[in-house]
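Letter by letter, the chains look like this.
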Amino acid sequence: INDSLGHAAGDELLMGVAGRLRSSVRAGWETRQSVVARLGGDEFAILLGDVRDEADAGMVAQRILDGLASPFNLDGHQVFATVSVGIALSSPGDSPEDLLHNADTAMYNAKAAGKARFAVFDQGMRERAVARLEIETGLRKAIDARELVLYYQPELSVSSQRVIGYEALVRWNHPERGILPPSEFIPIAEESELIVHVGRWVLNEACRQMAEWDKEFVFDPPLTISVNVAPRQLNDASLVEDVKRVLRETGLDPKRLKLEVTEGSIMQDPEMALATLRRLKLMNIGLEIDDFGTGYSSLSYLQKLPFDTVKIDRSFIRELGVCPESSEIVRTIVNLARSLDMGVVAEGVETKDQFETVNTLGCGYVQGYYFARPASAENAEALMRERDNLRRAFVVLQGTDGRSPAPRRGDQIAKPPANRAPETALVRI
Ligand code: C2E
Ligand code: MG
Ligand code: MG
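One structure accompanies this document, and this report is about it. Everything numeric here is computed off the predicted structure, so don't read it as measured data.

1. Structural notes on the coordination of the magnesium ion (ligand 2)
Now for step 1: Taken together, Glu-167 (OE), Asn-228 (OD1), Glu-260 (OE) and Asp-290 (OD) make up the full set of protein donors to the magnesium ion (ligand 2), lying 1.9 to 2.2 Å away.
Now for step 2: Spacing between the donor residues of the magnesium ion (ligand 2) along their common chain follows E-x60-N-x31-E-x29-D.
Now for step 3: Separating the magnesium ion (ligand 2) from the magnesium ion (ligand 3) is a distance of 4.0 Å, and Asp-290 supplies a donor atom to each of them. A residue pair is termed long-range when its members are at least 10 positions apart, and Glu-260 in strand β11 (residues 257–262) and Asp-290 in strand β12 (residues 286–292) qualify at 30 residues.
Now for step 4: In this structure Glu-260 comes out as buried when scored by relative accessible area, which is 1%.

Laid out in structure tokens, this is it:
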């Protein structure tokens with residue numbers, strides 16, 4: 001408000017809020033010994049006397065939220081002030097600082113749960129806050145300490161039954177706790193700028209790895225590499241520059257890089273997301289909507305956005321054969337994607353039945369434990385090498401009758417080993 005309507009309007013809003021806080025407190029029995037104060041910036045604190053329990057404090061908090069629900073009139077503009085309220089009850093031995101600190105912790109919990117809410121402090125919040133802080137400080141160091149690693153999970157084409165690319169999935173090789181899954185640290189990183197640093201590392205490493213595999217193996221058609229992009233990254237001006245730089249540095253063809261974004265990150269700031277996605281599309285980067293069906297997205301935006309692929313969330317795939325509606329949902333998403341000229345990946349395919357069902361429903365691509373779990377670069381590479389060796393052996397066998405097989409579309413060409421004639425490296429699988 002300071003930026004848009006000026007400081008005088010900002011001051012007026014603060015006074016307006018203070019007035020409503022005072023009357024919310026004054027309206028109840030707790031008036032005695034209560035104090036309303038502004039701590040600074042846009043933070044207020046209220047010390048309530050005569051509060052018996054959480055419920056009492058909660059009633060006041062609700063009255064405050066209700067009192068602030070109607071807009072303020074600032075210089076002819078209607079302005080809403082949404083607030084988050086944290087409540088802490090004092091126990092014997094608490095210092096004033098403890099009390100304020102606990103109320104602060106509760107306020108952050110209220111804020112994280114959504115706007116215009118209140119939350120009451122409990123000890124668990126403190127423990128979680130400490131655990132988060134540990135993760136956050138540890139993660140800041142993890143990038144430089146080379147503790148982050150990428151795992152790779154293949155995406156397959158249903159029609160050719162072949163791997164078309166890999167999704168890069170980050171893990172944290174924690175010095176004390178071992179390999180941590182992204183659910184343990186990505187949500188925490190996403191609360192701050194930290195995710196931009198983690199995301200940049202992932203983007204660099206995934207492209208570097210793919211470029212390295214290119215040197216070692218020849219894939220025909222070339223494999224793609226999918227990288228997850230967090231909401232904050234999509235709304236960060238540096239994303240497009242980062243992508244340009246990494247492509248320049250690795251020499252990777254932009255068509256081989258795919259970025260995965262969720263509906264939620266698009267809807268946070270649809271205009272900004274649209275602009276960024278269009279710039280990426282102009283560079284020929286592949287764009288995928290991840291976890292489709294779990295978030296909220298506006299169909300009108302979906303139509304405007306330059307996506308190539310929809311990844312159906314694994315919750316729908318899991319329900320196939322269990323809940324009859326889920327196959328209708330998958331069918332509907334496939335039809336929607338088709339009419340928007342997008343490909344469809346079924347995520348989380350774990351069984352043969354699920355694979356057959358998604359195939360019948362028209363999904364062109366699949367990813368899931370049924371085919372492969374995410375694996376470290378070394379393990380993914382070992383599989384590539386094994387396949388390559390098998391192919392080479394096959395070619396050598398074929399080559400014994402003096403005829404080498406004619407190349408066909410879709411053939412995979414393995415790089416010839418240094419000590420063998422190049423034609424022996426042509427393979428068909
Ligand atoms: P996602 O992008 O939807 O990734 C797919 C997740 O599903 C992966 O979990 C993968 O291991 C899991 N999965 C694949 N197939 C199956 C299956 O058949 N069954 C089951 N139950 N699960 C399957 P993971 O690696 O734990 O990643 C979880 C989420 O963490 C990802 O979901 C993504 O949202 C996020 N994430 C992972 N890496 C990154 C990253 O580098 N950056 C960002 N921003 N987020 C990441
Ligand atoms: Mg993904
Ligand atoms: Mg997903």
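2. Things to note about the nonpolar core
Now for step 1: Judged by nonpolar contacts, the single largest core of 82 residues is most densely connected at Val-243, Leu-257 and Leu-259.
Now for step 2: For Val-243, the contacting residues outside a window of four places in its chain are Leu-203, Leu-257, Leu-259, Leu-280, Met-283 and Ile-285.
Now for step 3: Core analysis: the next-biggest nonpolar cluster, separate from the first, contains 11 residues, Val-17, Leu-68, Leu-74 and Val-79 among them.

3. Concerning the site of ligand 1
Now for step 1: Taken together, 21 residues are adjacent to ligand 1, and Arg-171, Asp-290, Arg-314, Glu-350 and Tyr-369 come closest.
Now for step 2: The separation between a nitrogen atom of ligand 1 and a polar main-chain atom of Val-170 is 3.1 Å.
Now for step 3: Out of a free accessible area of 790 Å², ligand 1 has 84% covered by protein chains.
Now for step 4: Elements with a contribution of two residues or more to the shell around ligand 1: β8 (162–174) and β12.
Now for step 5: Here the shell around ligand 1 gets 4 residues from one element, more than from any other, and that element is β8.
Now for step 6: Of the residues assigned to the shell around ligand 1, the class counts are 9 nonpolar, 4 polar and 8 charged.

4. Structural notes on the coordination of the magnesium ion (ligand 3)
Working reference: metal with six octahedral donors, ideal angles 90 or 180 degrees; metal with four tetrahedral donors, ideal angle 109.5 degrees.
Now for step 1: Surrounding the magnesium ion (ligand 3) are the protein donor atoms Asp-290 (OD), Asp-291 (OD), Glu-347 (OE) and Glu-347 (OE), which sit 2.0 to 2.5 Å from the metal.
Now for step 2: Within one chain, the residues serving as donors to the magnesium ion (ligand 3) are arranged as D-D-x55-E.

5. Concerning the pairing of strand β1 (residues 35–40)
Now for step 1: Both β1 and strand β2 (residues 43–47) contribute to a ladder of 5 bridges, which runs antiparallel. Pairing of Arg-38 across the sheet is with Phe-44, part of β2.
Now for step 2: The hairpin formed by β1 and β2 contains 2 residues between the paired strands, and Gly-41 there has a positive phi angle of roughly 50 degrees.

6. Describing the layout of surface pockets
Now for step 1: Estimated volume of the largest pocket: approximately 1,500 Å³.
Now for step 2: Surrounding the largest pocket, 46 residues form its lining, Glu-43, Phe-44, Ala-45, Ile-46 and Ser-84 being those nearest its centre.
Now for step 3: Elements represented by at least two residues in the lining of the largest pocket include exactly α2 (7–26), β1, β2, α3 (54–67), β5 (85–87) and α4 (96–112).
Now for step 4: Within the lining of the largest pocket, the residues separate by chemical class into 31 nonpolar, 8 polar and 7 charged.
Now for step 5: Estimated volume of the second largest pocket: approximately 1,000 Å³.
Now for step 6: Residue assignment for the lining of the second largest pocket shows that the elements contributing at least two residues are β8, α6 (186–189), α7 (194–216), α8 (231–234), β11 and β12.
Now for step 7: By residue number, the principal contributor to the lining of the second largest pocket is β8, which donates 5 residues.
Now for step 8: Here the residues of the lining of the second largest pocket sort into 16 nonpolar, 9 polar and 10 charged.

Conventions and cut-offs
- Residues numbered from 1 in each chain as written.
- Chains lettered and ligands numbered in written order.
- Predicted model: local features only at pLDDT ≥ 70, side-chain atom pairs only at ≥ 80, totals over all residues.
- Heavy atoms only, no water.
- Donors = N, O, S within 2.8 Å, 3.2 Å for Na, K, Ca; no water.
- Helix = DSSP H or I, 4+ residues; strand = E, 2+ residues; numbered from the N terminus.
- Buried < 20%, exposed > 50% of the residue type's maximum accessible area, 1.4 Å probe, protein only.
- Core = buried A, V, L, I, M, F, W, Y, C linked by side-chain atoms within 4.5 Å.
- Contact = heavy atoms within 4.5 Å.
- Near = heavy atom within 4 Å.
- Polar contact = N/O pair within 3.5 Å; in protein donor to acceptor, adjacent residues only side chain to side chain.
- Areas by Shrake-Rupley, 256 points an atom, 1.4 Å probe, with all protein chains shown as cover.
- Nonpolar A, V, L, I, M, F, W, Y, C, P; charged D, E, K, R; others polar.
- Pairing = 2+ DSSP bridges.
- 1 Å grid on protein atoms, 1.4 Å probe; cavity = no way out; pocket = protein on both sides within 12 Å on 5 of 7 lines; lining within 4 Å.
- Points joined across faces, edges and corners; volume = space filled by probe spheres on them.

These results come straight from atomic positions and should not be treated as a statement about function.
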